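Coordinates in review
The lines below spell out each chain.
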Amino acid sequence: MNVLIFLIVFPLVISLLALVLPRGFHIRKTIGTVANVVLCALPIYLLVTNLDQGPSYFRLESGFVDILIFLLEVLIAGYLIYLSVRAKRYLPVILVLIQMSIMIGFEFTYGHSIQVEHVLFMDKFSIIMALIVGIIGSAICLYGFGYMPEYHEHYPEVKDRRNYFGFLMYLFLSAMFGIIFSNNLLWLFFFWEVTTLCSFLLIGYRDDKASQDSAFRALNMNLIGGVVFAFGIVYLFVTTQTMELDKLLLLDQGAVLLPAVCFAFAGLAKSAQFPFSSWLTGAMVAPTPVSALLHSSTMVKAGVYLILRVSPVMDNTVAAQMLTLIGGVSFLVTALIAISQSNAKKVLAYSTISNLGLIVACAGVNTPAAVWSALLLIIFHAVAKSLLFLCVGIIEYKLGSRDIEDMDFLIMRLPKLTAVMMIGMAGMFLAPFGMIISKFVTLKAFVDGNPAMAIILAYGSAATIFFWTKWMGKIISIRHGEVEVVEHTVSTWEWITLGILAVATVAVCLAFPFISIHVIDPYIMELFNTAPVIDMFNVLVVFAIMFSLLIILPLGLLYYAFINKNYKRVGTYLGGGNVSNITFEGAMDATQPIQLKNYYLEKYFGEERLFYVGVFVSLTLIFIMFGVAAI
Amino acid sequence: MNTIHEIVLSWGVFERMLAFVLLAPLVGGLLAGIDRKVSARFQGRYGPPVLQPFYDAFKLFQKEKIIVNKFQDFNIVLFLMFTIFSGALFFAGADLLLTIFSLALAGTFFVLGGFCVGSPYSHLGAEREIIQQVAYEPMIILVAIGMYQVTGSFKVAVIAQYQLPLILYLPGVFAGFLYILTIKFRKSPFDLSMSHHAHQEIVRGLTTEFSGSTLALIEIAHWYENVLLLGMVYLFFGFNPWLAVFVALATYLFEIFIDMNYARFKWQLTFGSSWLFTAVAGVSNIIVLSLMR
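The sections below set out a description of the structure shown in this document. (Residues numbered from 1 in each chain as written. Chains lettered and ligands numbered in written order. Predicted model: local features only at pLDDT ≥ 70, side-chain atom pairs only at ≥ 80, totals over all residues.)

Section: the overall build of chain B
Within chain B, the regular secondary structure consists of 12 helices and one strand. The C-alpha radius of gyration of chain B comes to 19 Å, within 12% of the 19 Å expected for a compact globule of 293 residues. When the 293 residues of chain B are sorted by exposure, 56% land in the buried category. The contacts of chain B with a sequence gap of at least 6 include a subset with a gap of at least 24, amounting to 76%. (Helix = DSSP H or I, 4+ residues; strand = E, 2+ residues; numbered from the N terminus. Rg over C-alpha atoms; globule rule 2.2 N^0.38 Å. Buried ≥ 20, exposed ≤ 12 C-beta atoms within 10 Å, placed from the backbone. Contact = placed C-beta atoms within 7 Å.)

Looking at the packing of helix α5 (residues 124-154) of chain A against helix α12 (residues 288-297) of chain A
Axes are the key here: two packed helices are described by the angle between their axes and the distance separating the axes. Residues and elements named next belong to chain A. Where α5 meets α12, the axes come as close as 9 Å, and the angle between the chain directions of the two elements is 170°. Here α5 lies roughly antiparallel to α12, going by the angle between them. Residues I132, V133, I136, G137, I140, Y143, G144 and Y147 of α5 touch α12, and the partners they reach there are T288, P289, A292, L293, S296 and S297. Among the residues forming the contact of α5 with α12, the class breakdown is nine nonpolar, five polar and no charged. (Axes fitted to C-alpha atoms, helices over the stretch in contact; angles between N-to-C directions. Parallel < 35°, antiparallel > 145°, perpendicular 65-115°, else oblique. Nonpolar A, V, L, I, M, F, W, Y, C, P; charged D, E, K, R; others polar.)

Overview of the environment of A:V533
Within the secondary structure layout, A:V533 lies in the loop between α22 (512-528) and α23 (536-563). Counting along the chain gives 360 residues from A:V533 to A:L173, while the straight-line C-alpha distance between them is 34 Å.

Some thoughts on the interface of chain B and chain A
Buried accessible area, meaning the area lost when the parts come together, often serves as the stated size of an interface. On the chain A side, the residues contacting the 51 residues of chain B number 46 residues. Where the side of chain B that touches chain A is concerned, the elements lending two or more residues are β1 (66-67), α4 (72-92), α5 (96-116), α6 (120-151) and α12 (267-292) of chain B. When residues in the side of chain B that touches chain A are grouped by element, the largest group, 16 residues, is from α6(B). Here the side of chain B that touches chain A is built from residues that sort into 33 nonpolar, 10 polar and eight charged.

Concerning the environment of A:M412
All names here are of chain A. Residue position: M412 is located in helix α17 (residues 410-413). With 20 C-beta atoms counted inside 10 Å, the residue M412 sits in the buried group. Sequence-wise, M412 and S477 are 65 residues apart; in three dimensions their C-alpha atoms are separated by 8.6 Å. Apart from the residues within four sequence positions on either side, M412 is in contact with I478, R479 and V483.

Thoughts on the nonpolar core
One broad rule of soluble globular proteins: the nonpolar side chains tend to lie buried together. By size, the foremost hydrophobic cluster in this structure holds 326 residues, and its most contacted members are A:V261, A:I379 and A:C391. Other than its neighbours up to four places away in sequence, A:V261 contacts A:M314, A:A319, A:M625, A:F626 and A:A629. (Core = buried A, V, L, I, M, F, W, Y, C linked by C-beta atoms within 7 Å.)

Side note on the packing of helix α9 (residues 171-184) of chain B against helix α11 (residues 241-261) of chain B
Residues and elements named next belong to chain B. Running from N to C, α9 and α11 cross one another at 65°; their axes reach a closest spacing of 10 Å. Judged by the sense of rotation from one axis to the other, the crossing of α9 with α11 is right-handed. Contact residues: α9 offers L178, L181 and T182, while α11 offers T251, E255 and I258. (Left-handed = near helix turned anticlockwise from the far one by under 90°.)

Side note on the sheet that holds strand β5 (residues 583-585) of chain A
Residues and elements named next belong to chain A. One open sheet holds the three strands; their spatial order is β4-β5-β6, and the pairing between them is antiparallel. The sheet is open, and its two edges are formed by β4 (577-578) and β6 (591-593), each paired on a single side. Strand direction decides the pairing type here: β4 and β5, joined by two bridges, are antiparallel. Note that in β5 the partner of G577 across the bridge is E585. (Pairing = 2+ DSSP bridges.)

Structural data, given as structure tokens:
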């Protein structure tokens, strides 16, 4: 138990240190590095020591902490109201007031009668989440050390609040650990609101009009989720006198369906599913580490975490089917929209929503195979997506643009970075990497009970191939002649992080049988008393592909770069006389430059065309979900 | 024939893989030769000898290696390798979905080869190749789903030996598969990214910058892929091996016939019609099957 408490408190201490230690103080980075190592090591320690153990629950004399948490909640609410009023935005004020009146009213009416047996708990799922938050979260913080100084060089107009930034990042990690270890729903709710606050402040870091808009949009949507969450908690306690996550699962389905739907709704808002997707795409105004953190290891993963926790309660109900469909709609529509986007960060954002949609759909289906693949998706997505965000963050500085259309010949300008990025992209959609393995299992999980979802998956996968492949093609195209290499200015901090994540992307795929047998299967066994059997032959095949790629790719590249000399090199065919390698002699004696652009199929998959389809369909589904739960 | 069938059944995984690796290019090349002969007759020409594709390939291997960048050929080598691997998986009786994903990996390398050279024609070809991939991918996955719904397994070995006629359960899926097979065989009206018809274009889309032995490799990969695809047709009729082989060949001739009778579609029509046809024929079939159970 001490480890759990330490994991929650330690990042908090670090965040306070980040706030108070003066900038330029050389010890800051040392402390940060040590802290990150600790944050990586502890979840691994938890994993190793609990490898053969079931879930553990911890009692805690928490009277004092409960009061502290309540006071902090009021404080946060006050702070949010202050900020909103100052920015002349009143919707968040109303939402915060509703939420606080629910919570304060609850505290004073029922506060004395709340009996919580186990405040904290830990099972295999929490450990997986802790590993993701610990390792990826701290890797992103490490990247921040190199990134933030450059950020302020690039944007001199942005007020330098680096201390405050570090404070928020570590606070975020602390809250995430709180979410995944809390069994007391009031604690869970508190940490939930802290992540809302952190994301709001981080998105608004630049403090200009665009980032204020995005920040408040994120705040509004997550507050709506928070209000419903609070309502769910109160309803649950009033009807069943339960305030614990594990006890919730043991109760009669009819009694707890409505609170479970409320929690799932909060999860949908946090994981940016339709109709809440716009906050995540808006969040890209923030500095890159923030986007990476929101998309991979925190925030959105907290959303699907909660949904997966409560989905067993909804098993085999119409509400669960609605949840599945909301996930399915989010998956398909955002994958299609991603085709039409040329802004790299936006493509990544839509791809995140899409993958989370798949996880939500798996949670709704709630069979052993579906939950199994949901956990795999969480792991694989976290690693590859954080890697891609961090790469795009660097490219944005080096090229001065985050538009995919400006990434021609990237492999010549930033060769190592492009290699890393290719690993990340392959990790997102190609066999034998993680995401496609998970999709493969997901498809099998859907086919039996839910063919509609299998069909959605078939179309969505095709769309996924589209936007990744054309982006990949863009960055590996090669031009004749010399191009300036701009890579040498990337800082060591950033390289270390990228290295860790690139290796992790490959390593989680190689370790996936181990992860499955020792970590995921036990969790599924606890939940369903049966675990999906992996076909060992398929695993072997996947490994064969993986190993052959790992061996052939480097060897092949070396061979073609240095050994193979038996060729004649010519210019590309340009349909006329080549003037130089990128210009040719066109009609009327004019010299024409060549330009290569990708297809975006705006007419078919344009954002404004599809986004509202997703919003309205999912809104309808949400109303049905609440309707059937309330009856 | 039945004895051949039994011999194949008695083989182990690696023997079957090896058989595919060795025999598929012969069958595929021969089919390509028949294709050219039949096409020529349709057009009132005499046509080249049936073995012409092999002569072409041998000749291509003797050509000088001309490239525009050092790494372009590597993509094609990977494309060929993974195409062979996918086919070997299929004929070894492995998981159908895994075969499909592995084939998609191979296809991605091909597309990357087209992008990598940085020439406008091959860039356009590569873009169109992706559109083609996206057009056929849902239907191919639906084929696997439909077969699973009927036989209860994704294993090719199990599906091939299923005793009831799959085609009776999956007529819509088969129709949808035939539709996208035209894309996979690179036949008109869907031969957007590159065409086999020399008279239609001088600059051949994705393969514009590939010549000599690399072009031969592309051709050979295409042969392997065709055999794999005809193998998938076989599965629909697996209850009767004779009939299955006959239908597979008939399908090939049917695609040639289509090829002769259509002018090329625009990509919009190719893409839209494929997804729509997949939805109408394939999806409805899948839904009916799920309701039947």
